[in-house]
Amino acid sequence: MDLIILNEGLYQLVPLTKQMMEHMSLLVKVDCFDLCDIVRLKLTTYHSDWNMHMMNDGSGNLMGCICN
């Protein structure tokens, strides 16, 4: 799965790595769309003023996911 990140007007595809998932434990099998929601909740902060999910590490705004 790839994350679609918007950073300074440029969209980037960032592969989801085990390192990004190290603090998440999945107890049941989830599909790609559910995993995208879990990643969004864990790795971003929602800013209602701008209606954006900003990455906690400052790498940009999460726009969505691409399932491979």
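Residues numbered from 1 in each chain as written. Predicted model: local features only at pLDDT ≥ 70, side-chain atom pairs only at ≥ 80, totals over all residues. Heavy atoms only, no water.

Asks: Could you give an account of the state of the cysteines, naming the residues involved and the relevant values?
Replies: Scanning the entire structure with this criterion turns up two disulfides. Here cysteine 32 is linked by a disulfide to cysteine 67, with a sulfur-sulfur distance of 1.9 Å. What sets the handedness of the cysteine 32 and cysteine 67 disulfide is the S-S torsion sign, and at about -95° it is left-handed. On the criterion of sequence distance, the pair formed by cysteine 32 in helix 1 (residues 32-43) and cysteine 67 in the segment after strand 5 (61-66) is long-range, its members being 35 residues apart. (Disulfide = S-S within 2.5 Å. Helix = DSSP H or I, 4+ residues; strand = E, 2+ residues; numbered from the N terminus.)

Asks: Report on the sheet that holds strand 5, specifying residues and quantitative values.
Replies: Read from one edge to the other, the open sheet built from five strands follows the order 2-1-5-4-3, with strand pairing classed as antiparallel. Two strands in the sheet have a free side with no partner beyond their single neighbour: strand 2 (10-15) and strand 3 (44-47). Going from strand to strand, the sheet's axes swing by 45° on average, the running direction of each strand aside. Sheet analysis places strand 3 next to strand 4 (residues 52-55), joined by four bridges and oriented antiparallel. (Pairing = 2+ DSSP bridges. Axes fitted to C-alpha atoms, helices over the stretch in contact; angles between N-to-C directions.)

Asks: Pulling in residues and values, what's your account of unusual backbone geometry?
Replies: With phi around 55°, glutamate 8 is a residue other than glycine that occupies positive phi space. Structurally, glutamate 8 is set in the loop between strand 1 (2-7) and strand 2. Judged by relative accessible area, glutamate 8 falls into the exposed class, the value being 80%. Here asparagine 51, not a glycine, exhibits a phi torsion of approximately 55°, which is positive. Positionally, asparagine 51 belongs in the loop between strand 3 and strand 4. (Buried < 20%, exposed > 50% of the residue type's maximum accessible area, 1.4 Å probe, protein only.)

Asks: An account of the side chain of aspartate 2 is requested, with residue identities and associated values reported.
Replies: Residue placement: aspartate 2 occurs in strand 1. One buried charged residue, aspartate 2, remains without a salt bridge, the closest side chain of opposite sign being lysine 18 at 15 Å. In this structure, aspartate 2 is in contact with Leu13, Val14, Pro15, Gly64, Cys65, Ile66 and Asn68, ignoring residues within four places of it in sequence. (Lys, Arg positive; Asp, Glu negative; His and termini not counted. Salt bridge = Lys/Arg side-chain N within 4 Å of Asp/Glu carboxyl O. Contact = heavy atoms within 4.5 Å.)

Asks: Describe the pairing of strand 4, and please don't skip the residues or the numbers.
Replies: Connecting strand 3 to the antiparallel partner strand 4 that follows it, the hairpin turn spans four residues, and asparagine 51 within it adopts a positive phi of roughly 55°. Taken together, the two bridges between strand 4 and strand 5 define a ladder with antiparallel strand orientation. Residue histidine 53 lies in a different strand from strand 5, and its bridge partner there is leucine 62. The antiparallel pairing of strand 4 with strand 5 creates a hairpin that spans five residues between the two strands, and glycine 58 there sits at a positive phi of about 80°.

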